[in-house]
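# Commentary on secondary and tertiary structure
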Amino acid sequence: MSKDVSAAAAAKPEKLVAVKGMNDILPPDSARWEWLEDKVRQLMARYAYRNMRTPIVEPTPLFVRGLGEVTDIVEKEMYSFEDRLNGERLTLRPEATAGVVRAVVEHSMLYEGGKRLYYMGPMFRHERPQRGRYRQFHQIGAEALGFGGPEVDAELILLANALWKDIGLANVRLELNSLGQPEERKAHRAALIAYFEQNIDQLDEEARRRLHANPLRILDTKNPAMQALVNAAPRLIDFLGAESLAHFDAVKAILDANGVAWTVNPRLVRGMDYYNLTVFEFITEQLGSQGTICGGGRYDYLIEQIGGKPAPAVGWALGVERVLELVKEQGAQVPALVPDAYAVIPSRSALPTAIRVLEQLRAAGVQVQMHGAPTASEGMGSMKSQFKKADGSGAQYALVFGDDELARGTVTVKSLRDGAGGAQVEQPLAQVADWAATLQSNR
Ligand code: ATP
Ligand code: MG
């Protein structure tokens with residue numbers, strides 16, 4: 001390479017790209033996101049869950065204390081940093097439950113009784129990016145705090161199930177388990193450690209490392225050589241007392257009475273330490289190995305752990321990217337965003353009148369896209385190129401603000417969707433509101 005060429009290359013600013021595993025969500029795809037968010041808002045209103053928004057950055061100890069030190073998230077997935085000005089340890093939230101609980105405690109929200117809440121937003125985990133697994137991803141979550149009965153566990157499962165119906169998802173299966181209460185887990189844990197110690201020669205390296213720190217996670221192993229061992233391990237469910245079993249049975253009975261199918265997966269443990277009693281996941285076989293689209297459960301001890309007055313709670317979170325991928329996979333129809341009309345404006349002198357009319361139409365609820373000139377110095381572009389844009393916009397109508405029309409105080413409304421030479425009528429500008437009304441009633 002000659003000196004001149006490299007100098008030129010050096011002068012060109014380096015191209016900046018998004019952080020690995022963090023995605024831009026662009027139109028037209030963003031329409032699917034808005035569609036899902038609208039469905040969720042309507043659904044949450046039907047179940048009287050209220051929206052809540054917490055900061056993306058939280059103090060690091062919130063997650064260390066909340067999720068548990070020996071969890072994948074806290075051990076290796078958190079984006080943590082020090083505030084440069086005051087040295088405070090901060091973390092980009094890897095999930096939202098801990099933040100919701102912090103806010104509920106901080107604002108004494110349970111003072112007058114339980115609260116039903118939901119949130120939507122980005123989460124951050126430093127994982128190996130692959131299909132369905134990103135470093136910035138999005139969750140929608142629902143939490144019911146201050147309610148201890150199994151009917152609220154069931155309500156949350158029915159709520160998630162209703163969402164799958166509302167967005168047209170099929171073939172989503174529900175797995176349940178009960179993690180019991182801390183005392184029951186302690187007894188099971190001791191039995192589990194004893195069992196694995198007796199069979200230590202069959203454990204892989206990771207399992208040996210987890211044996212004393214978090215033996216429950218060994219049950220989660222993907223190692224085929226350990227499946228038989230793990231299948232024969234002591235089951236937590238056999239250590240549950242009458243109360244825990246009754247809670248679990250009550251959840252199942254409500255699901256049965258409402259036609260929601262489930263299976264018990266005794267190995268379902270979930271990634272955070274905070275769960276007790278009911279845990280559940282909604283799983284699909286259609287997304288490869290990232291098949292869990294939603295997971296949750298009861299977390300009766302988290303509020304206390306974060307410094308609040310003890311109160312029970314239960315919730316779930318779904319992965320938006322995975323849900324939308326499944327919507328796509330199953331071919332569900334998501335309405336495309338197209339304007340009702342595209343304004344063709346042959347000359348700049350027509351702009352003032354055109355813009356005034358477009359504003360009237362928009363105020364009346366009509367969706368109108370105005371033709372835009374690519375440069376400020378040139379004209380608006382040929383009629384041919386403007387009609388090409390109008391067609392490409394997907395609009396039903398072109399509104400033509402030609403000089404002749406404006407001289408007559410009219411605009412031409414041309415249908416773009418009934419074949420070549422679509423019908424056109426000239427509308428007096430004074431009556432565009434009437435035209436807008438007929439358009440609305442035809443929607
Ligand atoms: P996984 O076992 O797939 O790692 P998880 O148990 O870590 O999931 P949760 O913390 O329960 O997941 O989060 C709830 C949902 O959020 C998951 O079921 C999944 O749909 C989604 N999710 C979790 N991590 C990611 C990620 N890195 N990228 C995209 N979606 C994710
Ligand atoms: Mg994970």
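Residues numbered from 1 in each chain as written. Chains lettered and ligands numbered in written order. Predicted model: local features only at pLDDT ≥ 70, side-chain atom pairs only at ≥ 80, totals over all residues. Heavy atoms only, no water.

What counts here: UniProt positions are given in the numbering used here, feature names are shortened, and annotations may be inferred rather than shown by experiment.
Per an unreviewed UniProt entry, the chain goes by the name Histidine--tRNA ligase and belongs to Acidovorax soli. Its UniProt record, at the heading Catalytic activity (unreviewed entry), says of the chain: "tRNA(His) + L-histidine + ATP = L-histidyl-tRNA(His) + AMP + diphosphate + H(+)".

## Here's the deal with the overall build of the chain
Test applied: A run of H or I in DSSP becomes a helix once it reaches four residues, and a run of E becomes a strand once it reaches two; helices and strands are each numbered from the N terminus. In this description the radius of gyration comes from C-alpha coordinates, and the expected globular size is given by 2.2 Å times residues to the power 0.38. For every residue, the accessible area obtained with a 1.4 Å probe (protein chains only) is divided by the maximum for its type, and the residue is called buried under 20%, exposed over 50%, and partly exposed between those limits. Only the protein chains shown count as cover for residues, with accessible areas throughout obtained via the Shrake-Rupley method and a probe of 1.4 Å. Note that His is not counted, nor are the chain ends; the positive residues are Lys and Arg, and the negative ones are Asp and Glu. Here the site of a charge means NZ on Lys, CZ on Arg, CG on Asp, or CD on Glu.
Across its full length, the chain holds 16 helices and 16 strands. Scaling as 2.2 N^0.38, a compact globule of 443 residues should have a C-alpha radius of gyration of about 22 Å, whereas the chain reaches 29 Å, well beyond that. Dimensions of the chain, computed from the C-alpha atoms along their principal axes, are close to 90 × 70 × 45 Å. Burial status across the chain gives 47% buried among its 443 residues. Accessible surface, the chain as shown: approximately 22700 Å² in total, 52% of it carbon and sulfur. Across the chain, the 51 positively charged side chains and the 55 negatively charged ones have centroids separated by 4 Å.

## Overview of the environment of Ile 193
Rule in force here: We call two residues in contact whenever any of their non-hydrogen atoms come within 4.5 Å of each other.
With respect to the helices and strands, the residue Ile 193 is situated in helix H7 (residues 182-198). Taking the C-alpha atoms as reference, Ile 193 lies 43 Å from Asn 86; in sequence the two are 107 residues apart. Leaving out residues up to four positions away in the same chain, Ile 193 has contacts with Leu 211, His 212 and Pro 215.

## Focus: the packing of helix H2 (residues 30-46) against helix H6 (residues 150-166)
Between two packed helices, both the angle of their axes relative to each other and the distance between the axes serve to describe the pair. Just so we agree on the cut-off: For helices, the axis comes from a line fit to the C-alpha atoms of the stretch in contact; other axes are also lines fit to C-alpha atoms, and the angle between any two N-to-C directions lies between 0 and 180 degrees. With respect to orientation, any angle under 35 degrees is reported as roughly parallel, any angle over 145 as roughly antiparallel, any angle of 65 to 115 as roughly perpendicular, and every other angle as oblique. Helix crossings are classified by the rotation of the near helix relative to the far one: an anticlockwise turn of less than a right angle makes the crossing left-handed, while a clockwise turn makes it right-handed.
Packing of H2 against H6 brings their axes to within 10 Å, and their N-to-C directions diverge by 140 degrees. For the element pair H2 / H6, the angle class is oblique. The two elements H2 and H6 cross, and the hand of that crossing is right-handed. Seen from H2, the contacting residues are Lys 39, Val 40, Leu 43, Met 44 and Arg 46; seen from H6, they are Leu 159, Ala 162, Leu 163 and Asp 166.

## Describing the site of ligand 1
Rules: Whether a residue is near a molecule or strand depends on its heavy atoms: it is near if one of them lies within 4 Å of it. Pairs of N or O atoms within 3.5 Å make up the polar contacts considered here, provided that, within protein, one atom can donate a hydrogen while the other can accept it, and that residues adjacent in sequence are counted only when both atoms are side-chain atoms. Following the grouping adopted for this structure description, the nonpolar residues are Ala, Val, Leu, Ile, Met, Phe, Trp, Tyr, Cys and Pro, the charged ones are Asp, Glu, Lys and Arg, and the polar ones are all others, Gly among them.
Ligand 1 sits among 15 residues. The nearest are Arg 125, Glu 127, Arg 133, Arg 270 and Thr 292. Between ligand 1 and the protein, one listed contact pairs an oxygen atom with a side-chain N or O atom of Arg 125 at 2.7 Å. Interatomic distance of 3.4 Å between a backbone N/O atom of Ile 293 and an oxygen atom of ligand 1. Elements with a contribution of two residues or more to the shell around ligand 1: strand E6 (136-145), strand E10 (292-298) and strand E11 (313-319). For the shell around ligand 1, the element with the highest residue contribution is E10, accounting for three residues. By residue class, the composition of the shell around ligand 1 is six nonpolar, four polar and five charged.

## Considering the UniProt feature "binding site: L-histidine" (unreviewed entry) in the chain
This chain's UniProt record puts "binding site: L-histidine" (unreviewed entry) on Glu 95, Ala 96, Thr 97, Arg 125, Gln 139, Glu 143, Arg 270, Tyr 274 and Tyr 275. Position of Thr 97 relative to the elements: it lies in helix H5 (residues 97-106). Look past the residues within four positions of Thr 97 in its chain and what remains in contact with it is Tyr 119, Glu 143, Tyr 274, Tyr 299 and Leu 302. Inspection of the secondary structure puts Arg 125 in the loop between strand E5 (115-124) and E6. Here Arg 125 falls in the buried class, since its relative accessible area comes to 13%.

## Things to note about the sheet that holds strand E2 (residues 57-59)
For clarity, the threshold we go by: When DSSP finds at least two bridges between two strands, those strands are taken to pair.
Read from one edge of the open sheet, three strands run E2-E4-E3, paired in antiparallel fashion. In this open sheet, the two strands that pair with only one neighbour each are E2 and strand E3 (79-82). If you compare each strand with its neighbour and ignore which way they point, the axes differ by 35 degrees on average. As judged from the three bridges shared by E2 and strand E4 (residues 89-92), these two strands associate in the antiparallel manner. Counterpart to Val 57 in the pairing with E4 is Leu 92. Of the strands in this sheet, E2, E3 and E4 are in contact with helix H3 (residues 60-67), which crosses E2 at around 70 degrees.

## Considerations on the packing of helix H13 (residues 351-363) against helix H16 (residues 432-442)
At their nearest, the axes of H13 and H16 sit 10 Å apart, and the two run at 40 degrees to each other. The angle between H13 and H16 falls in the class oblique. You can see that H13 and H16 cross each other, and the crossing is right-handed. Judged by residue contacts, Val 357, Gln 360 and Leu 361 of H13 engage Val 432, Trp 435 and Ala 436 from H16. Residues of the contact of H13 with H16, tallied by class, amount to five nonpolar, one polar and no charged.

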